[in-house]
Amino acid sequence: MLNQLYSEVEKNIKLKDYVIEATIDDRRVIFLSGEVDDWKHVVEIGQIAGKIKDIKGVVNRIKVKTDHPDLTDDGFALRLQQATKKGIIDHADIVIVGAGITGASIARELSKYNVKIIVVDKNPDISEGTTKANNGMVHSGYDSPTGSLKAQMNIKGNEMYTKWAEELDFALVRSGSFVAAFNEEDIHYLETYLKRGIANGVPGIEILDGESARAIAPNLHTDIKKALWTPTAAYVEPYTVVEALAENAIDNGAKFLLAAKVLNIVKVEDRVESVITEKGIIQTNCVINAAGVYADEIAEMVDDCFYTIHPRRGTLIIFDKSKQGINERFIGMPPKNFTKGGGPMQTPEGNPLWGPSAIEVQDKENVEVDQQDIDFIVEKAYHLIKGIDKSNIIAYFSGVRACTYKEDFIIEASEIVKGFIHVSGIQSPGLAGAPAIAQKVEEIYLNMNPKTKKRSDYNPYRKKTKRLRECSLKEKDDLIKQDPKQAHIICRCETVSEAEIVDSINGKIPATTLDAIKRRTRAGMGRCQGGFCGPRLVEILSRELGVEPTEVTQKGEGSEVVLRKSRK
Amino acid sequence: MKRLDMDLVIIGGGPAGMAAAKQAVEEGIEKVIILERDSELGGILQQCIHDGFGLFIFNERLTGVQYAQRYIDLIEKIGIFVKLDTMVLEITQDKQVIATNEYDGLIQINAKAIILAMGCREKTRPQVFINGTRPAGVYTAGVVQRYINIEGLIPGEKAVILGSGDIGMIMARRMTFEGIEVKGVYEIMSTVGGLTRNVEQCLRDYDIPLHLSSTVTKIHGNKRVEGVTVAKVDSSLKPIEGTEEFIECDMVVLSVGLIPENELTRNAGIELDNLTKGPVVDENMMTSIPGIFAAGNVVAVFDLVDYVSQTGIRAAKGAAKYLNGSFDLNESYVLINSGDNVSVIVPQKIRISNLENTEDFYLRVKQENRKTRLIAGSENNAHTTRKFSIVKPPEMIHISLKREELIKIAYEDIYFHIRKDVE
């Protein structure tokens, strides 16, 4: 089995000179170590190992030579000591690590039961990781290998979104998606996708000729000969879904503890006992690992790490709403020369969105945007649609996907530690799969705790706050009559009132940073990108939180907006 | 919902709107109202504490704040109706204005005429494509100006300025006064973006380095700006490999241009000029919808506030004539086109029968040139000329043409050229 790995590495001209050591344990987990020149090679070797059949996972400890040999964090011991000193701050039946789409979905699903849930996250707001920086697509499910957990979760999750959107009152636009073919080679790919889609169980999947595709989407490029059409693909604003899930979970008794990085997980014998966060210790019987790109590090804390997460960065470009309607649904292209990534689409709010790109990066916090990402996305989109160009761009940003070397989801109870559940490697189509992932975790939890009782007062419904910008004149008038601060517009691009901003700061999950306010209300998300409302938001946040303006941050400690007062 | 009937609604109480309001009353328009979204009149002038304003209108060198106060005092003295903290949400083609504020709630105003005077906004980071991260500490020059001059807050200690627009250079000096270290001004073009006097008075006098043909290619830092990469650019404005340099700073100040605030204009269905990004206007500053006028930076970005107020005055005169029915709305327009070395021109069209004795034209050149001559005429036939010793893209050219001159050339579309003087 490992011979396969060695011979593949040997065959590769860039890799053959490296001394790589591989071992495999009785759970069939491959451990890689050694030194290479470049991060790309670390990933390539990991990917070769990941393709070996019937392995449980790949732990890739290969290092890059030029990296500093000692990466141990000097401050860590001190932080752990300080956190431990804070003592036990709470008890919970379940601690969920990670307040992104995965963690929030699980929290909401398990809040049906008579269990105390605490969701912890290192960031000062929900959705701060991969969730805030993906394209918001609920994939139809033709893309994942048949039989993979990804494919199962995707197909089931996609279907479940309709009910979710009804219960939780978030925008879901089910307008379908395309993959475009320009020539015979492309059409061959479409046929492969069609076959796989049918095998996976994608409803309504078919190949349309160019004319029929353009009848659905008139701005599709005239060079497009055929297109794969999947009518069930849908679009959401991911952070609004998480907001809805979190609010509903809170209504059903769950708690969110933010800006509380997990520093360690304590076991007693082979059972989870407590979670040490920066804010103190939480005693618990169950830890659910939904930590995204950090899931491997959380698993390491309980000595059950059988996968390494390698971050794959994706860049997205957002356009002005005045270009709404140019392309209402996703258009992809078959991969050529190993190009990956998304294509042009439109968010439910009506902003055209292009991307994401796909680039392997070493640093989990590397959310930079490079020229190559932008060029890749723009060039690809120009092939697909007409009527829009770079001058309409209002924002661009990157996120990192949490990929394992097996490139599949991991949703299972730990085989080694009692009370620990892995929900790891949740990358695309993780958003689409979220409802099904949560349900699978529910099953696992109930298996572990068969005596769990349902809450008698569980309420699956959550109502979103009525937004001024979505209201008719009559409705605006009514809202303003209820609260005059609704008439004070702070963000002119997105028509956001002072009342909406104050509500978000005092909401179920208080928005305490400029970025959090942006995700809750859209203030600062429009074409001027906070140019007009930025200083006003600093003033409102400082007033509502009772802090100095110099303490107001964009995204938590260290990101203060202004540094000092000019006069005493 | 509160309903009002007005003769003239002026949207925006900055230098264009206030000048228009004062003129409108002088022209005899009775029910005039200014809607202003901020808590006082004056617009962006309220944060412009530097001087150089009012040389033409008041024959004095005033600060922006003083200039605004002159008009505010006049508005108060005349007793013009003003609604502050009031945001206009929508303008319809039949001249209904929907606005909102805390004290009235939603207001619907039926206007007989409207003057758009919403000013302009600053271009932001995505519009100039700087790669890298998205930390706190990247602000437009106008935002920095607001923090320092209005809020009394210092947004950073070490600044790199991208773009040599006027506000950027003025803020370079202002930040230096506040003890902020300005590491340099980087301009991607080979010439300065703002006025020459600002290069002298704001940069040279304070030894702030100006780097032409250079740009910021990347922003570093996850939480707060930690530095930028700058690089020289080639003639096609692409960064030259090997010239990259890391500069440590905690703030990036963008002064990369202004664009008219055109959302209300566009949503009302008014025709826009692709070059100015504002509405197409005629000699009376009237837009493509009869009775809706526009003035100041909402039309095109002017470099002097005096011009902004002048267009406000012109728009008010036009509105008065429109309201008393002395306009010919049927005559076809003569188009005013940008010819050689002219990038933008305002107005973009004229009607001969509605001309005043003299008409003002504002234009910008594409390239700097010395010893030039402005030629206005039909495509091949030049009639009217003016001489300019030097023309530069940042400095708007303002010319007044006599009615008789215009009539002579207006039998077909007019072109404005700026050509080398061959005498």
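Residues numbered from 1 in each chain as written. Chains lettered and ligands numbered in written order. Predicted model: local features only at pLDDT ≥ 70, side-chain atom pairs only at ≥ 80, totals over all residues. Heavy atoms only, no water.

For the rest of this paragraph, the subject is the overall build of chain B. Helix and strand counts for chain B come out as 9 helices and 29 strands. Over its C-alpha trace chain B gives a radius of gyration of 22 Å, about what one expects of a compact globule, namely 22 Å for 423 residues. Across its three principal axes, chain B shows a C-alpha extent of roughly 65 × 65 × 40 Å. For chain B, restricting intrachain contacts to residue pairs at least 6 apart in sequence, the fraction spanning at least 24 positions comes to 64%. Roughly 16,700 Å² of accessible area belongs to chain B as shown, and the carbon and sulfur atoms make up 47% of that amount. (Helix = DSSP H or I, 4+ residues; strand = E, 2+ residues; numbered from the N terminus. Rg over C-alpha atoms; globule rule 2.2 N^0.38 Å. Contact = heavy atoms within 4.5 Å. Areas by Shrake-Rupley, 256 points an atom, 1.4 Å probe, with all protein chains shown as cover.)

A word on the overall build of chain A. When helices and strands are counted, chain A shows 15 helices and 25 strands. Considering only C-alpha atoms, chain A reaches an extent of 75 × 65 × 55 Å along its principal axes. Restricting the contact set of chain A to residue pairs at least 6 apart, pairs at least 24 apart contribute 71%. If you sum the accessible surface of chain A, you get close to 23,200 Å²; carbon and sulfur atoms cover 50% of it.

In this section: the side chain of Arg351 of chain B. All names here are of chain B. Along the chain, Arg351 turns up in the loop between strand E24 (349-350) and strand E25 (358-365). With no salt bridge to any partner, buried Arg351 finds its closest opposite charge in Asp282, at an N-O distance of 4.3 Å. Side-chain polar atoms of Arg351 contact the backbone oxygen of Glu331, separated by 2.6 Å. Ignoring sequence-local partners within four residues, the contact set of Arg351 consists of Asp282, Glu283, Met286, Asp328, Leu329, Glu331, Ser332 and Tyr333. (Buried < 20%, exposed > 50% of the residue type's maximum accessible area, 1.4 Å probe, protein only. Lys, Arg positive; Asp, Glu negative; His and termini not counted. Salt bridge = Lys/Arg side-chain N within 4 Å of Asp/Glu carboxyl O. Polar contact = N/O pair within 3.5 Å; in protein donor to acceptor, adjacent residues only side chain to side chain.)

Residues and elements named next belong to chain A. One pass over the full model with this rule turns up 75 salt bridges over all chains. Among the salt bridges present, the one from Arg313 reaches Asp373, with a minimum N-O distance of 3.1 Å. Taken as a pair, Arg313 in strand E15 (residues 310-319) and Asp373 in helix H10 (residues 371-384) lie far apart in primary sequence, 60 residues in all. With a relative accessible area of 2%, Arg313 lands in the buried category. One continuous salt-bridge network, built from bridges that share partners, spans Lys321, Glu349, Lys464, Arg469, Glu470, Glu494 and Arg522.

Attention shifts here to the interface of chain B and chain A. Contact with chain B, which involves 47 residues of that partner, is made by 53 residues of chain A. Across the interface of chain B and chain A, roughly 4,500 Å² is buried in total on both sides, 52% from carbon and sulfur atoms. When the area that chain B buries against chain A is broken down by residue, the three leading residues are Glu102, Phe129 and Arg134 of chain B, summing to 16%. Taken together, the connections running from chain B to chain A amount to 7 salt bridges. For Asp38 of chain B, the salt bridge goes to Arg536 of chain A, with nearest N and O atoms at 3.4 Å. Seen at the junction of chain B and chain A, the total is 26 residue pairs in polar contact (both at pLDDT 80 or more). Ranked by residue count, the leading element in the side of chain B that touches chain A is helix H4 (residues 141-151) of chain B, at 4 residues. Per-class residue counts for the side of chain B that touches chain A are 17 nonpolar, 12 polar and 18 charged. (Buried area = accessible area lost by both parts, 1.4 Å probe. Nonpolar A, V, L, I, M, F, W, Y, C, P; charged D, E, K, R; others polar.)

All names here are of chain B. Across 4 bridges, strand E6 (residues 87-91) lies against strand E7 (residues 96-101) in antiparallel orientation. By the bridge assignment for E7, Ile91 is matched with Val97. Joining the antiparallel neighbours E6 and E7 is a turn of 4 residues, in which Lys95 adopts a positive phi near 65°. (Pairing = 2+ DSSP bridges.)

Moving on: the domain arrangement of chain B. All names here are of chain B. Under the domain assignment, chain B is made up of domain 1 (1-121 + 258-327), domain 2 (124-256) and domain 3 (331-423). A C-alpha centroid distance of 32 Å is found between domain 1 and domain 2. The partner domain 2 presents 13 residues to the 12 residues of domain 1 that form the contact. Carbon and sulfur atoms make up 49% of the surface buried where domain 1 meets domain 2, a total of about 980 Å² over both sides. Interface area lost by domain 1 to domain 2 is led by Gln47, Ile49 and His50, which between them contribute 51%. (Domains from an automatic or database assignment.)

This paragraph deals with the sheet that holds strand E11 (residues 138-140) of chain B. Residue and element names in this part refer to chain B. Across the sheet, 5 strands lie side by side as E11-E19-E13-E14-E15; this open sheet has parallel pairing. Every interior strand has two partners, whereas the edge strands, E11 and strand E15 (210-211), have only one. Taken together, the 4 bridges between strand E13 (residues 158-162) and strand E19 (residues 251-254) define a ladder with parallel strand orientation. Directly across from Ile161, in E19, lies its bridge partner Val253. Of the strands in this sheet, E11 and E19 touch H4, which is tilted by about 90° from E11. (Axes fitted to C-alpha atoms, helices over the stretch in contact; angles between N-to-C directions.)

Turning our attention to the side chain of Thr232 of chain A. One can find Thr232 of chain A in the loop between strand E9 (226-230) and strand E10 (234-235). If sequence neighbours within four positions are ignored, Thr232 of chain A has contacts with Val138, Ser140, Asn158, Arg174, Val202 and Pro203 of chain A.

The next subject is the nonpolar core. Ranked by size, the top nonpolar core spans 68 residues in total, and within it Leu8, Val9, Ile10, Ile11, Ile91, Ile115 and Leu116 of chain B carry the most contacts. Formed jointly, this core draws a minimum of three residues from each of two domains, domain 1 (1-121 + 258-327) and domain 3 (331-423) of chain B. Ignoring anything within four residues of it in the chain, the contact list for Leu116 of chain B reads Ile11, Ile91, Thr265, Ile270, Ile292, Phe293, Ala294, Ala295 and Val298 of chain B. Counting 53 residues, the second largest nonpolar core, distinct from the first, contains Cys471, Ile505 and Ile540 of chain A together with Leu203 of chain B. (Core = buried A, V, L, I, M, F, W, Y, C linked by side-chain atoms within 4.5 Å.)

With that settled, the discussion passes to the state of the cysteines. Under the defined criterion, the tally for this structure stands at 0 disulfides over all chains. Of the cysteine sulfurs around Cys286 of chain A, a residue in no disulfide, the closest is that of Cys305 of chain A, at 18 Å. Here Cys202 of chain B stays unpaired: no disulfide links it, and the sulfur of Cys48 of chain B, its closest cysteine neighbor, is 12 Å away. (Disulfide = S-S within 2.5 Å.)

Take the pairing of strand E4 (residues 88-97) of chain A next. Residues and elements named next belong to chain A. Note: E4 against strand E14 (residues 280-289), 8 bridges, orientation parallel. From the neighbouring strand, Ile94 faces E14, where its bridge partner is Cys286. Bridge analysis of E4 against strand E5 (residues 117-120) gives 4 bridges, and the strand direction is parallel. Note that in E5 the partner of Ile94 across the bridge is Ile117.

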